[in-house]
Each structure stands twice: as C-alpha cells, then as structure tokens.
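Now for the letters of each chain:
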Amino acid sequence: TTGGAQGIDLWLDSQGADAMLDIHTNQTNLKVKLSDIGIDGVTVKCGGMDKTLTVQRLPEKLSETQMALTHTVSIPAKGDSAVYARVTLEDGHVAWSSPIYSFINVAPYQAVDFG
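Let me begin by describing the structure that accompanies this report. Values in this document were obtained by computation on a predicted structure and should not be read as measured data.

**Some thoughts on the environment of Arg 86**
Position of Arg 86 relative to the elements: it lies in strand β6 (residues 86-88). Taking the C-alpha atoms as reference points, Arg 86 and Ser 98, twelve residues apart in sequence, are found 9.8 Å from one another. Not counting the four nearest positions on each side in its chain, Arg 86 is found in contact with Val 94, Ala 95 and Trp 96.

Encoded structure:
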C-alpha cells in the first residue's frame, strides 16, 4: 500500500536572518523563511488524496522514543467495524495495526441448529 512519506534531511552550516528555502515541484511550490520552520512544520496542499508537501525541523537529539494516547472513535450502531491504528514515524515510515474489530448485535442471541 502507499501512504508513506518521501523525504530528505538537510544539514545547514549557517543560516542568515533572511535565509529562505525555495522548493519547486511539478505539483506545488513552497517558499518559506528558515526561521519560520519549526517542529510542527509548514505544509502546503498538492491536491489528490491528501497529498501535501511539508517542511519541518527535526530535533537535534531524539529525546522521545515512546508515546501513549487515547482516542475515541465512532462505531456504527449495527454490524461489525474494523478500526486500524496508523503511526507515522519521524523518518516518514508508516506502520499500521492489524484490524481491531467491533461487532454490535442488535438482535437477541439465538442458537442455530445445524443438524
């Protein structure tokens, strides 16, 4: 499947107060001051299915190696549903969980006779 990020790391020896990053692609262009780029990044839409171009600073040293979170999802009132968890790592790799199934049976339980 697709959905991972493509990227490059740029290491700058120095950056002046007005230094700019100017990116031109077939789908979009981005011109931004280096001082405006932070951990959260600067993103422009490229069209298509949520395709974007993001420029962000990475920390000088990786300080966090794990996380925990809670998220509420809506489950339909009838039938079964598969929920997946997706994680995007710092290097752009994407990991998906196996499906987590939820089933709501609105009818009372009935025994089935296969005999």
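Continuing now.
**Examining the nonpolar core**
Counting eight residues, the largest nonpolar core consists of Leu 21, Leu 30, Val 32, Leu 34, Ile 37, Cys 46, Leu 53 and Val 55. Of all the elements in the fold, those that place two or more residues in this core are β2 (29-33) and β4 (51-55). Residues within four places of Val 32 in sequence aside, it is in contact with Ala 19, Met 20, Leu 21, Ile 37 and Val 42.

**Observations concerning the packing of aromatic side chains**
Counted according to the given criterion, the structure contains one aromatic pair. Measuring from ring centre to ring centre gives 6.5 Å for Tyr 84 and Trp 96, while their planes differ by 80°; the resulting arrangement is edge-to-face. Here the residue Tyr 84 occupies a position in the loop between β5 (79-83) and β6, and Trp 96 occupies one in strand β7 (residues 94-96), the gap between them amounting to twelve residues.

Here is what the cut-offs are and how they apply
Residues numbered from 1 in each chain as written. Predicted model: local features only at pLDDT ≥ 70, side-chain atom pairs only at ≥ 80, totals over all residues. Heavy atoms only, no water. Helix = DSSP H or I, 4+ residues; strand = E, 2+ residues; numbered from the N terminus. Contact = heavy atoms within 4.5 Å. Core = buried A, V, L, I, M, F, W, Y, C linked by side-chain atoms within 4.5 Å. Buried < 20%, exposed > 50% of the residue type's maximum accessible area, 1.4 Å probe, protein only. Phe/Tyr/Trp six-rings, centres within 6.5 Å; stacked < 30°, edge-to-face > 60°.

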